[in-house]
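# Structural characterization, general
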Amino acid sequence: MKHTLEVMISEQEINQALDTMAEQINRDYAGVDSLLVVGLLKGSVIVMSDLVRRLDGNVQMDFMTASSYGSSTESSGDVKIVMDLAQSIKGRHVLLVEDIIDTGRTLSKVLALLNSREPASLAIASFLDKPTRRVVDVDVKYTGVAIPDEFVVGYGLDYAESYRQLPYIAKVVPSDGE
Ligand code: XMP
Ligand code: MG
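Going along each chain's sequence as written, the residues are numbered from 1 onward. Here every chain gets a letter starting at A, and every ligand a number starting at 1, in the order they are written. Owing to the predicted nature of the model, reporting of local features is limited to residues with pLDDT of at least 70; listing and counting of side-chain atom pairs is limited to 80 or more, with chain, interface and lining totals taken over all residues.

To keep things clear, this is the line we draw: UniProt positions are given in the numbering used here, feature names are shortened, and annotations may be inferred rather than shown by experiment.
The protein goes by Hypoxanthine phosphoribosyltransferase in an unreviewed UniProt entry, where it is assigned to Ferrimonas sediminum. Regarding the protein, the relevant UniProt record gives this comment under Function (unreviewed entry): "Purine salvage pathway enzyme which catalyzes the transfer of the ribosyl-5-phosphate group from 5-phospho-alpha-D-ribose 1-diphosphate (PRPP) to the N9 position of hypoxanthine to yield IMP (inosine 5'-monophosphate). To a lesser extent, can also act on guanine leading to GMP, but shows a highly less efficient activity with xanthine." Per UniProt, the protein carries the Subcellular location (unreviewed entry) text "Cytoplasm".

As structure tokens, this is what we get:
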């Protein structure tokens, strides 16, 4: 599809939202021995690296890849774990980091799986939220920016695997021809 990009959230706005998220997280986990921050690949990799560098205390990182079969722009809820965590989360304080929550299907499946492993606590931080798209109710404790129902790229988010590296978030606008 021929398209252009329109900046929706600037690098400066991203940094402000991250500062706010990190303040809340640092406050909430101040009394905790260690925090395991889990990123869902690949989308979370950029926000994860920016967020953990704002966190205090003993922070550890791990990653998992969950793939959701469906169209390129809508998840189906048929979520498969393609790469699991490298460690046990039993008794750990876990913060799951996502790039975006849309219908909530992916996160609700991953959440159920991780909860079954008996962490001491499990909370979600999602940089973007499309609240009007929610199909499954998921408790997202930390959100960066709520956005309208538009397909966006950049800051970890892709369009056919491209644009993840953009330091800002942009709307994909179809242009003439297709
Ligand atoms: P669900 O619907 O399960 O979807 O909450 C979450 C996943 O859907 C992808 N997603 C997007 N990817 N721009 C993207 O590049 C978007 O606007 C968008 N909305 C949803 C993303 O992979 C996310 O993890
Ligand atoms: Mg994703």
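### So, the overall build of the protein
In plain terms, the rule: A helix here means a DSSP run of H or I that spans at least four residues, while a strand means a run of E at least two residues long, and both kinds are numbered starting from the N terminus. Atoms counted for the radius of gyration: C-alpha only. Globule rule: 2.2 Å times the number of residues to the power 0.38. With C-beta atoms placed from the backbone, the exposure class of a residue follows from how many other C-beta atoms lie within 10 Å of its own: 20 or more, buried; 12 or fewer, exposed; in between, partly exposed.
Looking only at helices and strands, the protein has three helices and nine strands in total. Here the C-alpha radius of gyration of the protein, 16 Å, is about what a compact globule of 178 residues would show, namely 16 Å. The buried share of the protein, reckoned over its 178 residues, is 29%.

### Some details on unusual backbone geometry
In the segment running from Leu41 into Lys42, the intervening peptide bond is cis, with an omega of -5°. Take Lys42: it is sitting in the loop between strand E2 (35–41) and helix H2 (45–52). Although it is not a glycine, Glu161 adopts a positive phi angle of roughly 75°. Assessed through the 7 C-beta atoms surrounding it within 10 Å, Glu161 is described here as exposed.

### Comments concerning the site of ligand 1
Put simply, the test is: Near, for a residue, is defined by distance from a backbone-placed C-beta atom to a molecule or strand, with 6 Å as the limit that must not be exceeded. By the convention adopted, Pro, Cys, Tyr, Trp, Phe, Met, Ile, Leu, Val and Ala count as nonpolar, Lys, Arg, Asp and Glu as charged, and the other residues, Gly among them, as polar.
Of all residues adjacent to ligand 1, which total 18 residues, the nearest are Ser75, Asp102, Thr103, Thr106 and Leu157. At the level of elements, strand E5 (93–101), helix H3 (105–115) and strand E8 (152–153) are the ones that each hand at least two residues to the shell around ligand 1. Element by element, the count of residues in the shell around ligand 1 is highest for E5, at four residues. By residue class, the composition of the shell around ligand 1 is seven nonpolar, six polar and five charged.

### Details of helix H1 (residues 11–28)
Defined as follows: Helix span, as expected, comes to 1.5 Å for every residue beyond the first. The arc in question is traced by the directions running from the helix axis to the C-beta atoms. Contacts here follow a simple rule: the backbone-placed C-beta atoms of the two residues must lie within 7 Å.
Spanning 18 residues, H1 covers 26 Å between terminal C-alpha atoms, matching the ideal 26 Å at 1.5 Å per step. Looking only at H1, the buried set comprises Ile14, Met21 and Ile25. Projection of H1 onto a plane perpendicular to its axis shows the buried side chains occupying an angular sector of 40°, all on one side. Along H1, the residues that are exposed and aim more than 90 degrees away from the buried face are Gln12, Asp19, Glu23 and Arg27. Residues of H1 that are buried sit in contact with strand E1 (3–9), H2, E5, strand E6 (121–129) and strand E7 (142–146).

### Description of the sheet that holds strand E9 (residues 169–174)
Basically, it comes down to this: Note on pairing: DSSP must find at least two bridges between two strands before they are called paired.
Taken together, three strands build an open sheet; the order of strands is E1-E9-E8 and the sheet is antiparallel. Two strands close off the open sheet at either side, each with one partner strand: E1 and E8.

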